Amino acid sequence: MASDTLTLLTATPLFAVGLTLAAYLLGTALFRRLGHPAWLPAILIAALLLAATLAVLGLPYPIYQQGATWLTVLLGPATVALGMPLYQQLPRIRELWRPLAACLPVAASLAACYSLGIAWLLGASPEVLASIAAKSVTAPIAIGITEQLGGSVALLMGALLVTGVATIPMVSLAARWLDITDERLLGFALGLNGHAIGTVRAFEMSPTAGAFASLGMSLTGIFTALLLPFAWGLVGAGN
């Protein structure tokens, strides 16, 4: 009986979409109740609640993913919409475009290489390597890169979540250690390393930090999408 009810509920995307939105709203409420802890962002709480709900219901992830595809489609327009704060902060971006352009290739390359190096040393399979290579790129771009490399999108999404959550406290600790208080630099670092999750945290700091996080996230996505597949084929990482 329960199985029949679940089958009926998952016949349309509304159940998966509603479940996702409910988890996010509850996660956001808990995040605020806990005092906005940097180490436990709302999206992580929501992901844990959603995973627990799927486990309790006995709903296989592929079935949930089919229904939630509608939300994935919205990631592209949401990313494009970040162009508005970039336009508003254009004069400040011009002031720092040279140092930002210089550090982007190095930082974006390191973001992919250190995770691949660690995974390779631990004996990870080619599929796992392909799945985590784009872990610092915003989801709409990362999904396309991962599919092109032959990785698992499900594993990628987990890597994206872990990377985004870990970036927030790491950037905060690095800022204290290096005595960096410039919101433009902090925002850029959050967006470059922590993609959308880091960008959300940057907007919580200030509009300026959010705009520079959007810039870092966008440029990292473009740089990685152009060069990672080429470098992957060049070194034969998928073989």
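As the structure is a computational prediction, the values presented were derived from the model and not from experiment.

Turning to unusual backbone geometry, a few remarks are in order. In this model, Asp179 sits at a positive phi of 55 degrees, which is unusual for a non-glycine residue. Structurally, Asp179 can be placed in the loop between helix H11 (153–178) and helix H12 (183–205). By relative accessible area, which is 64% here, Asp179 ends up exposed. Phi at His195 is positive, roughly 45 degrees, even though this residue is not glycine. With respect to the element layout, His195 can be found in helix H12. Among the residues examined, His195 registers a relative accessible area of 4% and is labelled buried.

On to the confidence of the model for the protein. In this model, the protein carries an average pLDDT of 83, and 92% of its residues clear a pLDDT of 70 or more. Per-residue pLDDT, averaged within each element of the protein, yields its smallest value for helix H1 (residues 2–9) (58) and its largest for helix H9 (residues 126–132) (89).

This part covers H11. Relative to the 38 Å expected for 26 residues at 1.5 Å per residue, H11 spans 36 Å between its end C-alpha atoms, a close match to the ideal helical length. Taking the largest bend as the criterion, H11 deviates by roughly 30 degrees, centred on Thr167, and proline Pro169 comes between one and four positions later. Residues of H11 that are buried make contact with helix H3 (42–57), helix H4 (61–73), H9, helix H10 (139–149) and H12. Just past H11, the residue Asp179 takes up positive phi, approximately 55 degrees.

Take the environment of Ala196 next. Within the secondary structure, Ala196 sits in helix H12. Residue Ala196 is classed as partly exposed on the basis of its relative accessible area of 36%. Along the chain, Ala196 and Ser115 lie 81 residues apart, while their C-alpha atoms are 19 Å from each other.

Turning our attention to empty space enclosed by the protein. Scanning the model with the defined rule gives one cavity of 30 Å³ or more in all. What lines the largest cavity is Ala108, Ala111, Ala112, Ala133, Ala134, Lys135, Ser136, Val137, Thr220 and Thr224. Mapped onto the lining of the largest cavity, the elements with two or more residues apiece are helix H8 (97–121) and helix H13 (207–235). Broken down by element, the residue count for the lining of the largest cavity peaks at three residues, all from H8. Its residues placed into classes, the lining of the largest cavity shows six nonpolar, three polar and one charged.

Here Ser214 is to be found in helix H13. With a relative accessible area of 0%, Ser214 lands in the buried category. Not counting residues within four places of it along the chain, the set of residues in contact with Ser214 comprises Leu82, Pro85, Leu86, Thr199 and Phe203.

What counts as what
Residues numbered from 1 in each chain as written. Predicted model: local features only at pLDDT ≥ 70, side-chain atom pairs only at ≥ 80, totals over all residues. Heavy atoms only, no water. Helix = DSSP H or I, 4+ residues; strand = E, 2+ residues; numbered from the N terminus. Buried < 20%, exposed > 50% of the residue type's maximum accessible area, 1.4 Å probe, protein only. pLDDT = per-residue confidence, 0-100. Expected span 1.5 Å × (residues − 1). Bend = angle between axes of the 7 residues up to and from the residue. Contact = heavy atoms within 4.5 Å. 1 Å grid on protein atoms, 1.4 Å probe; cavity = no way out; pocket = protein on both sides within 12 Å on 5 of 7 lines; lining within 4 Å. Points joined across faces, edges and corners; volume = space filled by probe spheres on them. Nonpolar A, V, L, I, M, F, W, Y, C, P; charged D, E, K, R; others polar.

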